[in-house]
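# Observations on the model geometry
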Amino acid sequence: SIFLTKFASAIIIINHQGQAKTSSPTMASTVPTSCIQVESTVLPAPIAAVWKVFRPFKLEDLAPEQVTSTVATTGEAGQVASNILISYANGGVWEIRITEISDRNYTLAYEVIGSEPAMTCTSVEGELAFIKVSDSDETFLKWTTIFSNDADAQVVEDQKYKKLDFFKEFKKTVPAWAQM
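Here the structure is a predicted model, which means the values were calculated and not measured. (Residues numbered from 1 in each chain as written. Predicted model: local features only at pLDDT ≥ 70, side-chain atom pairs only at ≥ 80, totals over all residues. Heavy atoms only, no water.)

Quick look at the environment of Glu100 now. Relative to the helices and strands, Glu100 is located in strand E7 (residues 93–102). Sequence-wise, Glu100 and Glu127 are 27 residues apart; in three dimensions their C-alpha atoms are separated by 8.6 Å. Those residues in contact with Glu100 that lie beyond four places of it in its chain are Val80, Thr107, Leu108, Ala109 and Glu127. Here Thr107 takes part through its side chain, which lies 2.7 Å from a polar atom of the side chain of Glu100. (Helix = DSSP H or I, 4+ residues; strand = E, 2+ residues; numbered from the N terminus. Contact = heavy atoms within 4.5 Å. Polar contact = N/O pair within 3.5 Å; in protein donor to acceptor, adjacent residues only side chain to side chain.)

And the structure:
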């Protein structure tokens, strides 16, 4: 027996042996994947200092090897509904909209509204959440990215390694910025 199902605009055929085959040559991958990617780290600075540095979302100050500039195209840095153009060191550009800033909960959320080169999925939303580490003067950072269901496993996995690169830089730059 053959089982047919429609998934992300492609027909997936599953034969009696459980083998799947897609009928769409344009589908990048048939590997099922979670649409949520989460990474975390501990930053060596108190939460108030970390929040003061991250809130304006000036990533070129926090990760200069990854980001060359962040420019508010509408609104202002550190303001909900602002659009921020992020230029990456690899030549890529993202335009994001700040969707949430919570001084009470120490969270900052965004959605990607444009990119060059174009993204291979329909939408990307992210959140940075900062939590005070109880037994030290450090800050726990959880960075969550939610992709639309057309995101390929490679896109989701790539996000993991980019976040880890950012974390390495954050750990170098945040203590210095926190002292200012």
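Here five bridges tie strand E6 (residues 83–88) to E7, and the two strands are oriented antiparallel to one another. Across the sheet, Leu85 pairs through a bridge with Glu95, a residue of E7. Hairpin connection, E6 to E7: the antiparallel pair is bridged by four residues, and Gly91 has positive phi, about 100°. Strand direction decides the pairing type here: E7 and strand E8 (residues 107–116), joined by nine bridges, are antiparallel. When the sheet's bridge partners are listed, Ser102 is paired in E8 with Thr107. Counting the residues that bridge the hairpin from E7 to E8 gives four residues, and of these Tyr106 lies at a positive phi of roughly 55°. (Pairing = 2+ DSSP bridges.)

This part is about the packing of aromatic side chains. Enumeration according to the criterion identifies eleven aromatic pairs in this entry. Seen in terms of ring centroids, Phe57 and Tyr110 are 6.1 Å apart; in terms of plane orientation they differ by 45°. Their pairing is tilted. Note that Phe57 is positioned in the loop between helix H1 (47–54) and helix H2 (59–62) and Tyr110 in strand E8, a separation of 53 residues in sequence. Site record: aromatic cluster; members linked through ring pairs are Trp51, Phe54, Tyr106, Phe130, Trp143, Phe166, Phe167 and Phe170. (Phe/Tyr/Trp six-rings, centres within 6.5 Å; stacked < 30°, edge-to-face > 60°.)

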